[in-house]
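# A closer look at the structure
This is what each chain is made of:
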Amino acid sequence: MSSRKMILDAVSRNQPSAASLPEVPAFDRDLPPPWQQFQERLAGMGGKFARPVPDGNFDALVRELHPDANIICSATPEVTGNRDLSDVREPKDLDDVDVGVVRAAFGIAETGSVYLSEMEFGVNALGFLSQHLVVLLDPTDVVGNLHHAYRRREFADAAYAVLMTGPSATADIEGVLIHGAQGVRSLTVVEAPRPSV
Amino acid sequence: MKRIDHAEASSFFIAEKENEAFHDKRLWDLRQKRDHQRDDVPEWNELRELASAIKEHTLSHLSDYLEQFEDNAKKNGAHVHWALDAEEHNRIVHEILADHGVNTLVKSKSMLTEECELRPYLARRGIDVIETDLGERIQQLDDEPPSHIVVPAVHKLRGNVADVFARTLGSDPDNDDPHYLSEQARVTTRPYFLAAEAGMTGGNFAVAETGAVVVCTNEGNADLSATVPPLQLASVGIEKIIPRTEHLAVFVRMLSRSAVGSPITQYTSHYRKPKDGGELHIVLVDNGRSERLGMEDFWTSLKCIRCGACMNTCPVYRRSGGLSYGGVYSGPIGIILNPTYDLRKYSNLPFASTLNGSCTNVCPVKINIHEQIYQWRRILSEHNQLPFVKKAAMKVTGKVLADPKAYRRTIAATDVAMEHLPRFLLYTRFNAWGKQREVPVTPDQTFHAWYLKNRGTS
Ligand code: SF4
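Scope of this entry: the structure provided in the associated data block. (Residues numbered from 1 in each chain as written. Chains lettered and ligands numbered in written order. Predicted model: local features only at pLDDT ≥ 70, side-chain atom pairs only at ≥ 80, totals over all residues. Heavy atoms only, no water.)

Moving on, we come to the overall build of chain A. Secondary structure assignment for chain A yields seven helices and eleven strands. Across its three principal axes, chain A shows a C-alpha extent of roughly 65 × 45 × 45 Å. Here chain A holds 197 residues, and 55% of them are scored as buried. Accessible area for chain A stands at about 8,400 Å²; split by element, carbon and sulfur atoms hold 50% of it. The average position of the 17 basic charges and that of the 27 acidic charges among the side chains of chain A differ by 7 Å. (Helix = DSSP H or I, 4+ residues; strand = E, 2+ residues; numbered from the N terminus. Buried < 20%, exposed > 50% of the residue type's maximum accessible area, 1.4 Å probe, protein only. Areas by Shrake-Rupley, 256 points an atom, 1.4 Å probe, with all protein chains shown as cover. Lys, Arg positive; Asp, Glu negative; His and termini not counted. Charge placed at Lys NZ, Arg CZ, Asp CG, Glu CD.)

On to the overall build of chain B, then. For chain B, the count of helices and strands is 23 helices and ten strands. In chain B, buried positions account for 66% of the 458 residues. Pairs at least 24 residues apart make up 75% of the contacts formed inside chain B by residues separated by at least 6 positions. As displayed, chain B offers around 16,000 Å² of accessible surface, 48% of which is attributable to carbon and sulfur atoms. (Contact = heavy atoms within 4.5 Å.)

Below, the discussion takes up the packing of aromatic side chains. Following the criterion strictly, the structure yields twelve aromatic pairs over all chains and no others. When the centroid spacing of 4.8 Å and the interplanar angle of 15° are considered together, the rings of Phe106 of chain A and Tyr115 of chain A count as stacked. Residue Phe106 of chain A shares its accessibility class with Tyr115 of chain A, and that shared class is buried. Centre to centre, the rings of Phe298 of chain B and Trp376 of chain B are 4.1 Å apart; their planes meet at 10°, and the pair counts as stacked. You can see Phe298 of chain B sitting in the loop between α13 (289-293) and α14 (309-313) and its partner Trp376 of chain B sitting in helix α18 (residues 369-382), a full 78 residues away along the chain. Take Phe298 of chain B: its relative accessible area is 3%, and that puts it in the buried class. (Phe/Tyr/Trp six-rings, centres within 6.5 Å; stacked < 30°, edge-to-face > 60°.)

It is worth spelling out unusual backbone geometry at this point. Residues and elements named next belong to chain B. The backbone phi angle of Glu117 is positive, close to 50°, even though this residue is not glycine. On the secondary structure map, Glu117 appears in the loop between α6 (111-115) and α7 (118-124). Even without a glycine there, the phi angle at Leu355 is positive, about 55°. Structurally, the position occupied by Leu355 is in the loop between α16 (331-341) and α17 (358-362). Classification of Leu355 by relative accessible area gives buried; the value is 0%.

Negative charge collects at one region of the surface, where Asp172, Asp174, Asp176 and Asp177 of chain B lie side by side. Mapped onto the fold, Asp174 of chain B is located in the loop between α9 (158-169) and α10 (178-195). (Patch = residues over 30% accessible without salt bridge, like charges linked within 9 Å, V, L, I, M, F, W, Y side chains within 5 Å. Salt bridge = Lys/Arg side-chain N within 4 Å of Asp/Glu carboxyl O.)

With that out of the way, let us pick up the sheet that holds strand β6 (residues 132-137) of chain A. All names here are of chain A. Taken in spatial order, the five strands line up as β1-β11-β6-β3-β2 in an open sheet, and their pairing is parallel. Each edge of the open sheet is held by one strand with a lone partner, namely β1 (48-49) and β2 (72-74). Direction of pairing for strand β3 (residues 99-103) relative to β6: parallel, over a ladder of five bridges. Note on β6: the bridge partner recorded for Arg103 is Leu136. In the packing of helix α3 (residues 58-65) onto the sheet, the strands contacted are β2, β3, β6 and β11 (186-191), and the crossing angle to β11 comes to about 150°. (Pairing = 2+ DSSP bridges. Axes fitted to C-alpha atoms, helices over the stretch in contact; angles between N-to-C directions.)

Turning next to the packing of α9 of chain B against α10 of chain B. Residue and element names in this part refer to chain B. Where α9 meets α10, the closest approach of the two axes is 10 Å, and the angle between their N-to-C directions is 35°. Crossing angle aside, the handedness with which α9 passes α10 is left-handed. On the side of α9, the interface is formed by Arg158, Val161, Ala162, Phe165 and Leu169, while α10 contributes Pro178, Leu181, Gln184, Ala185 and Thr188. Counted by class, the contact of α9 with α10 contains seven nonpolar, two polar and one charged residues. (Left-handed = near helix turned anticlockwise from the far one by under 90°. Nonpolar A, V, L, I, M, F, W, Y, C, P; charged D, E, K, R; others polar.)

Turning our attention to the sheet that holds strand β3 (residues 128-131) of chain B. Backbone hydrogen bonds are what pair the strands of a sheet, in a parallel or an antiparallel way. Residue and element names in this part refer to chain B. Within the open sheet, the six strands sit side by side as β1-β10-β7-β4-β2-β3. Their pairing is parallel. With one partner strand each, in any of the chains shown, β1 (79-83) and β3 form the two edges of the open sheet. When strand polarity is set aside, the average angle formed by the axes of neighbouring strands in this sheet is 20°. Bridge count between strand β4 (residues 198-201) and strand β7 (residues 231-237): four bridges; the pairing is parallel. Paired with Ala198 across the two strands is Leu231, which belongs to β7. Sheet contacts for helix α4 (residues 62-75): β1 and β10 (279-285); angle to β1, the most-contacted strand, approximately 145°.

With that settled, consider the side chain of His270 of chain B. If you trace the backbone, His270 of chain B turns up in strand β9 (residues 267-271). Look at His270 of chain B and you get buried, because its relative accessible area is 5%. Within the structure, the side chain of His270 of chain B is placed 3.3 Å from the backbone oxygen of Thr268 of chain B, a separation counted as a polar contact. Those residues in contact with His270 of chain B, other than ones at most four positions away along the chain, are Tyr150, Phe155, Ala159, Tyr160, Ala161, Val162 and Leu163 of chain A together with Val213, Val214 and Leu248 of chain B. (Polar contact = N/O pair within 3.5 Å; in protein donor to acceptor, adjacent residues only side chain to side chain.)

A few words now on the nonpolar core. Counting 75 residues, the largest nonpolar core has Phe205, Val250 and Phe251 of chain B as the members making the most contacts within it. Shared between two domains, this core holds at least three residues of each, these being domain 1 (1-35 + 307-386) and domain 2 (41-287) of chain B. What Phe251 of chain B contacts, discounting residues up to four positions off in sequence, is Ala51, Ile54, Lys55, Phe205, Ile242, Ile305 and Val365 of chain B. Leu42, Ala104, Leu133 and Leu187 of chain A belong to the second-largest nonpolar core, a separate cluster that totals 67 residues. (Core = buried A, V, L, I, M, F, W, Y, C linked by side-chain atoms within 4.5 Å. Domains from an automatic or database assignment.)

So, about the interface of chain B and chain A. On the side of chain A, 68 residues touch chain B, which itself brings 85 residues to the contact. When chain B packs against chain A, close to 6,600 Å² is buried across both sides, 60% of that on carbon and sulfur atoms. Taken together, the links from chain B to chain A amount to eight salt bridges. Its salt-bridge partner being Arg158 of chain B, residue Glu174 of chain A comes within 3.0 Å of it at the nearest N-O pair. Run the count over chain B and chain A and you get 45 residue pairs in polar contact (both at pLDDT 80 or more). The element that contributes the greatest number of residues to the side of chain B that touches chain A is α10 of chain B, accounting for eleven residues. Bridge analysis of strand β8 (residues 160-164) of chain A against β9 of chain B gives five bridges, and the strand direction is antiparallel. Each bridged residue has a counterpart across the sheet, and for Leu163 of chain A the counterpart in β9 of chain B is Thr268 of chain B. (Buried area = accessible area lost by both parts, 1.4 Å probe.)

As structure tokens, then:
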């Protein structure tokens with residue numbers, strides 16, 4: 001008998017009597033204004049928030065945020081950068097990227113998270129091999145809490161999806177908080193309304 | 001199998017006075033951060049109810065959900081494997097790696113792979129396994145198992161880490177700045193991410209409706225492991241299934257809040273399909289779980305989401321350190337899981353508890369942990385596995401320790417934070433974790449009286 005069958009048989013034999021599945025409410029009464037809460041929670045998770053960009057010059061903003069960056073790789077039309085994502089043959093080609101730029105599909109006020117998938121990254125490793133990440137986000141794309149987030153259809157479509165909340169962090173040595181454990185050292189969110197189509 | 005003597009093992013840890021004091025303080029700090037987050041979520045108790053009910057529903061329909069998960073994962077292009085036990089799990093993983101000519105595997109933290117002892121298995125077969133979580137890496141380099149399921153090296157001080165890194169990574173032995181040490185781990189691990197032919201993660205959740213494996217981490221190491229090398233593996237315990245994506249909200253809202261007191265982990269990653277030109281292999285592992293599902297008193301332990309909150313709050317765990325439990329899982333959850341693997345080996349563990357119920361009160365999925373600990377004591381006494389000292393200890397500490405009902409009457413479900421337990425409970429002369437501050441057992445104050453006097457003060 002295959003292990004699959006043995007496991008499924010044992011599980012069927014042993015599983016306790018049927019319990020019903022509860023409805024999960026959205027818990028969305030009295031939620032605070034999403035954009036403001038998003039910014040607060042992002043800060044609480046070590047993320048940064050950039051100055052407004054009224055002139056739409058996001059390239060200049062990225063330079064200003066990371067003046068020492070040599071290689072900027074952008075998955076957005078708003079920022080040009082100097083590394084073309086379409087030249088990437090393998091994910092590890094992105095090893096030398098100083099700043100990655102992406103646009104989040106949406107944000108979550110409750111946690112300060114942004115949703116990113118292969119649709120946004122182009123190459124997923126851009127979000128992890130880059131030393132720093134700059135994330136464009138339209139304030140109208142922020143949902144109130146995780147219940148709203150997990151009801152979005154993006155999760156059913158994406159091959160890979162991540163809720164990213166601030167930069168990479170660790171507190172594994174004496175509880176001292178350190179950003180840039182293995183992933184990005186900083187994560188900066190920029191208010192960037194989607195270009196109208 | 002040699003019986004683990006928790007009391008003796010913890011005495012080694014307690015001898016390291018600075019480590020013990022820091023350990024206690026650090027974990028208590030995590031517990032308080034957790035309380036703070038709980039207070040920030042008005043529906044906290046409703047979420048716990050929901051989490052518990054969703055898990056009970058899923059476990060009671062587990063075979064259907066497992067098949068549904070498998071179907072959907074296959075539709076996504078993933079390969080699904082089934083492993084009856086640790087040995088089969090390791091064999092499957094090795095075969096996949098060998099088929100792809102893998103020499104180096106980068107790995108994120110997974111208690112399941114610890115349970116299966118995958119690393120030594122692969123090492124014996126010439127595959128270099130690199131743990132990429134900082135705490136787990138420290139433990140790997142020091143050749144020790146993790147002492148905590150969330151913060152694996154929490155029992156070590158910065159000086160210990162500096163020693164380990166100097167010895168193994170060639171870093172400056174006199175520099176014990178955590179920033180420096182963490183940077184050493186980063187720069188020495190990076191080349192492995194680039195060179196590895198395969199990356200591996202565990203799984204916090206597996207969603208039946210989408211076939212997604214969900215992993216929650218803070219360092220970004222799981223995503224580096226999953227997104228950089230072409231071949232991706234995920235080992236998942238069969239109890240990790242949940243029915244639908246929307247259920248993730250309930251668990252994700254509580255997991256990191258319970259674990260370390262942050263609203264969410266920095267990364268909550270959902271893996272559904274292999275990357276272009278790559279492969280995704282998911283190994284579903286039983287290793288005793290289906291059997292535990294049939295244990296009337298203990299099956300609800302399968303609801304565990306491995307947040308570690310019960311460990312952080314446990315006065316015995318905080319003072320004795322995870323390694324003293326001698327099993328993969330330590331703290332209250334370890335006490336109730338380990339004996340299902342080996343009753344004799346872990347027959348001491350159910351006594352490494354004061355049955356104060358604090359674990360049960362913090363558990364986000366509402367497992368009746370302290371009652372299960374008590375139940376294990378009963379089973380052990382029926383199996384005559386009661387060590388002599390414990391028998392005596394039970395007599396000395398009397399009714400309260402042995403009878404959780406006495407506790408329940410007093411602490412009920414109040415989720416009261418007890419930083420300090422009454423000394424007469426913690427420091428009997430039979431418990432190593434009390435030895436250093438040995439106080440004669442003078443139960444002139446009953447637990448109840450103590451409780452009335454002290455509640456609300458911490
Ligand atoms: S038993 Fe409960 S509190 Fe302990 S690790 Fe599991 S889920 Fe967390």
